[in-house]
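# Geometric and topological summary
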Amino acid sequence: MTRNTPEILPYCQHCGKFKGVGICTNPNCDKTKRVDFGTIPDVSNECIICSAEGEHRCSHCGLFYCNRHALGKEKSRLMSVNQHLGTCVVCSKVICEQCWIFNNKGLITCLVHLESKELK
């Protein structure tokens, strides 16, 4: 997969639904349409895990997480197997587990960033 290909973009380019990494699994997705991403409605501010009020948001996909499920959001290293948010070591933005990948040193990195020379 390469940068900005439809497979790694978090939203489907045809129906606008959040899909994470990979192909769209929406059964009603119309592959003949193309979505203008400026018109995608705002997502709910409920925590994606427990539906409580979300106070922390992934900077890439926009999903919200409550304080309990946002623990570790300021860390660039996985602190717990139940960690759902972290900070990208390259751009310092808060991202969720659906939008991160670990670099060769085990640090949280945005899916849009490739290994940079500074991290090697």
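Residues numbered from 1 in each chain as written. Predicted model: local features only at pLDDT ≥ 70, side-chain atom pairs only at ≥ 80, totals over all residues. Heavy atoms only, no water.

## Topic: unusual backbone geometry
For the record, the criterion: Only runs of H or I of at least four residues qualify as helices and only runs of E of at least two qualify as strands under DSSP, and these elements are numbered from the N terminus.
Its identity is not glycine, yet serine 51 carries a phi of approximately 70 degrees, on the positive side. Locating serine 51 in the fold gives a position in the segment before strand 1 (56-57). The backbone phi angle of serine 92 is positive, close to 65 degrees, even though this residue is not glycine. Here serine 92 shows up in the loop between strand 3 (85-87) and strand 4 (94-96).

## Comments concerning the layout of surface pockets
What counts, and what does not: The method works on a 1 Å grid over the protein atoms by themselves. A cavity is a set of points holding a 1.4 Å probe that cannot get out, a pocket is an open set with protein on both sides within 12 Å along at least five of seven lines, and residues with an atom within 4 Å of a point line them. Grid points are joined across faces, edges and corners, and a volume is the space filled by probe spheres set on the points. Polar here means any residue other than Ala, Val, Leu, Ile, Met, Phe, Trp, Tyr, Cys and Pro, which are nonpolar, and Asp, Glu, Lys and Arg, which are charged; Gly is therefore polar.
Size it by volume and the largest pocket reaches roughly 240 Å³. Residue lining of the largest pocket: 16 residues in total, with Leu9, Pro10, Tyr11, His60 and Cys61 positioned closest to the centre. For the lining of the largest pocket, the per-class residue count stands at eleven nonpolar, five polar and no charged.

## A short note on the confidence of the model for the protein chain
Spelled out, the test is: Per-residue confidence from the prediction method is given by pLDDT, with values spanning 0 to 100. Note on contacts: a residue pair qualifies if any of its non-hydrogen atoms lie within 4.5 Å across the two residues.
On average, the protein chain scores 82 in pLDDT, and the residues at 70 or more come to 83%. The weakest mean pLDDT in the protein chain belongs to strand 5 (residues 100-102) at 89; the strongest belongs to strand 3 at 95. Across residues 115-120, where pLDDT falls below 50, the model places nine contacts with residues more than four positions away in sequence or in other chains.

## Points about the packing of aromatic side chains
The way to describe two aromatic rings as a pair is by their centre distance and the angle between their planes. So the rule is basically this: When the centres of two rings from Phe, Tyr and Trp lie within 6.5 Å, Trp using its six-membered ring, the rings pair. Their planes under 30 degrees apart give stacked, over 60 give edge-to-face, and anything left gives tilted. Exposure classes here rest on a 1.4 Å probe applied to the protein chains alone. A residue is buried below 20% of its type maximum, exposed above 50%, and partly exposed in between.
In the structure shown here, the tally under the stated rule is two aromatic pairs. Considering the side-chain rings of tyrosine 11 and phenylalanine 18, the 5.7 Å spacing of their centres and the 75 degrees angle between planes classify their relative orientation as edge-to-face. Arranged with centres 5.8 Å apart and planes meeting at 55 degrees, the rings of tryptophan 100 and phenylalanine 102 form a pair that is tilted. Classification of tryptophan 100 by relative accessible area gives buried; the value is 11%.

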